[in-house]
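Chains, contacts and geometry: an overview
Here is how the chains run, residue by residue.
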Amino acid sequence: MEDIPSLEEMQKLLHCIVKHSIETGYCPCCRKRKMAIPIAKQMVSIGTNIRRFVCYASVIQNQTYSQIQQFLSDMAGITLSDGELSDILE
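Let us look at the structure shown here.

What counts as what
Residues numbered from 1 in each chain as written. Predicted model: local features only at pLDDT ≥ 70, side-chain atom pairs only at ≥ 80, totals over all residues. Heavy atoms only, no water. Patch = residues over 30% accessible without salt bridge, like charges linked within 9 Å, V, L, I, M, F, W, Y side chains within 5 Å. Areas by Shrake-Rupley, 256 points an atom, 1.4 Å probe, with all protein chains shown as cover. Salt bridge = Lys/Arg side-chain N within 4 Å of Asp/Glu carboxyl O. Helix = DSSP H or I, 4+ residues; strand = E, 2+ residues; numbered from the N terminus. Buried < 20%, exposed > 50% of the residue type's maximum accessible area, 1.4 Å probe, protein only. Pairing = 2+ DSSP bridges. Contact = heavy atoms within 4.5 Å.

1. Regarding a nonpolar patch on the surface
Nonpolar side chains collect at one region of the surface, where Ile-22, Met-35, Ile-37 and Ile-39 lie side by side and expose about 330 Å² of accessible area between them. Positionally, Ile-37 belongs in the loop between strand E2 (32–35) and helix H2 (48–60). Relative accessible area serves as the criterion here: at 48%, Ile-37 is assigned to the partly exposed category.

And the structure:
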């Protein structure tokens, strides 16, 4: 008998969160906090694997935005708006 993992196990496999720590320092001359690399304004960014999947699902599998959103929501617990999908495809 062959089977796939349960949805809970698949969600854990598909959804990966990476935390980036950026060290900052205080400049006594200008009295401002300086960082080694610029900090993005958004709290969350979409990874390259999600971007690749969206392109694959839209172009190769000819899925609609709602089908892609539903799959990502069900399988990985990720919510993307129509605007984010169109930005990825652009």
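2. What to know about the pairing of strand E1 (residues 24–27)
Of the pairings in the sheet, the one linking E1 to E2 comprises four bridges and is antiparallel in character. The residue bridging Gly-25 from the neighbouring strand is Lys-34, located in E2. The turn joining E1 and E2, which pair antiparallel and follow one another in sequence, is formed by four residues; a positive phi near 55 degrees is taken by Arg-31.

3. Topic: the environment of Leu-80
Relative to the helices and strands, Leu-80 is located in the loop between helix H3 (65–76) and helix H4 (82–89). Sequence separation between Leu-80 and Ala-36 is 44 residues; the distance between their C-alpha atoms is 30 Å. Every residue in contact with Leu-80, bar those within four places of it in the chain, is listed here: Ile-46, Ile-50, Val-54, Gln-69, Leu-72, Leu-85 and Ile-88.

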